[in-house]
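The primary structure of each chain is shown beneath.
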Amino acid sequence: FKQKTAYEIYQCDWSSDVCSSDLNNKSTVIDIGGLKSKLLVEVEKIPDLAKIYVSTHPMAGREFTGPTSARADLFEGRAWLITPAKSASKEAIAVAEKIGAELGSTTYLMDAVEHDSTIAAVSHMPQILSSLMGQLIDNEDPKALNFAGQGLRDVSRLADSDGQMWSELLIENQNELSARIDKAIAALGELKNALKSEDKAKVLAFFNSGKSGRGKIPGKHGAKQREYSYLPIVIDDKPGQLAKIFDECAECSVNIEDLSIEHSPNQATGLITLALSESDAQKLKKHLQLKGWLAQEIRR
């Protein structure tokens, strides 16, 4: 973000290089950029702009870009981080909060340094590790990838993201990322040594720590993460199978919280796994088995 750009946004008087508060004095300027510290330093250099400038960051997005990838519910239930300039008016902040709320998000105020640190932990590091997984896959025998399960797809999903955009974001946030990358490298090093020495306690601690960390991720709207039961169902790999499963769910009045689909290599069947409440999973399993579906053991 350069000062010239800020002047252009605010439609300043270039002949005198002065921004007058009489120009667009009822305007509010926001952005939806991914980093804040350096941006707001530049904004603060223009006092009249800083009064009406509120930097925001909706915590919603996809690994795909372009208008055809848009979703109407993209912002619903997501956090919308708001980092106003230090001298931003209450009115300008209220406008930014209203925009987030109107789109179904929950808004949170934080300063620029806290924002960039938070984003490094919850957004930038997941992208780095997912792209690393994609890089490792790229060096594997393609035949082996025919046997990939849903786990590999889940972990590498973010590797489809726009590399140009992410390169710029990570370089800009290098100070916050450096220590976290060092911790990731150290953790892998400790795991490697534990495997070599067959230290089962340390290997187990690695997994337990990971499970503990994941358990701290909140659920929808910041609530406690719900625990689901998972019902795997074998389906024929042909059109209409998903629709039939959904019809069965509707018939016995169960609510699907999430689902995943896996395809077996060189097989005409697939596996759909439904996430449901424990009671709904039990009810649906009995219903499907009576209807002749191959519903497997419920996982938790």
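Refer to the preceding data block for the structure.
Residues numbered from 1 in each chain as written. Predicted model: local features only at pLDDT ≥ 70, side-chain atom pairs only at ≥ 80, totals over all residues. Heavy atoms only, no water.

Novice: I'm lost on the overall build of the protein in this one. Help?
Specialist: The secondary structure content of the protein amounts to 11 helices and 8 strands. When burial is assessed residue by residue, the protein has 30% of its 300 residues classed as buried. Across the protein, contacts joining residues at least 24 apart in sequence account for 68% of those joining residues at least 6 apart. Element-wise, carbon and sulfur atoms account for 54% of the exposed surface of the protein, whose accessible area totals about 19300 Å². (Helix = DSSP H or I, 4+ residues; strand = E, 2+ residues; numbered from the N terminus. Buried < 20%, exposed > 50% of the residue type's maximum accessible area, 1.4 Å probe, protein only. Contact = heavy atoms within 4.5 Å. Areas by Shrake-Rupley, 256 points an atom, 1.4 Å probe, with all protein chains shown as cover.)

Novice: Help me understand the nonpolar core, please; the structure alone is not making it clear to me.
Specialist: Within soluble globular proteins, side chains that are nonpolar tend to cluster in buried spots. Core analysis: the biggest nonpolar cluster contains 18 residues, and Leu 40, Val 43, Leu 49, Tyr 53, Val 54 and Ala 85 have the highest contact counts within it. When contributions to this core are tallied by element, the ones reaching two or more residues are helix 2 (37-43), helix 3 (47-50), strand 2 (53-58), strand 3 (79-84) and helix 4 (90-102). Those residues in contact with Leu 40 that sit more than four places away from it in its chain are Tyr 53, Ser 55, Thr 83, Pro 84, Ala 85 and Ala 112. Grouped together as the second largest cluster of nonpolar side chains are 16 residues, Ile 233, Ile 272, Leu 274 and Trp 293 included. (Core = buried A, V, L, I, M, F, W, Y, C linked by side-chain atoms within 4.5 Å.)

Novice: How should I be thinking about unusual backbone geometry in this particular structure?
Specialist: Most peptide bonds take the trans configuration, and most residues that are not glycine carry a negative phi. Not every positive phi belongs to a glycine, and Glu 198 is a case in point at roughly 55°. Tracing the backbone through its elements, the reader meets Glu 198 in the loop between helix 8 (174-196) and helix 9 (200-215). Residue Glu 198 is classed as exposed on the basis of its relative accessible area of 72%. Positive phi, close to 60°, is recorded for Ser 253, a residue that is not glycine. Looking at the element boundaries, Ser 253 is found in the loop between helix 10 (241-251) and strand 6 (258-263).

Novice: What is the right way to look at a nonpolar patch on the surface in this model?
Specialist: A contiguous nonpolar surface patch, about 380 Å² in accessible area, is contributed by Ile 30, Ile 32, Val 95, Ile 99 and Leu 103. With respect to the element layout, Val 95 can be found in helix 4. Residue Val 95 is classed as partly exposed on the basis of its relative accessible area of 36%. (Patch = residues over 30% accessible without salt bridge, like charges linked within 9 Å, V, L, I, M, F, W, Y side chains within 5 Å. Salt bridge = Lys/Arg side-chain N within 4 Å of Asp/Glu carboxyl O.)

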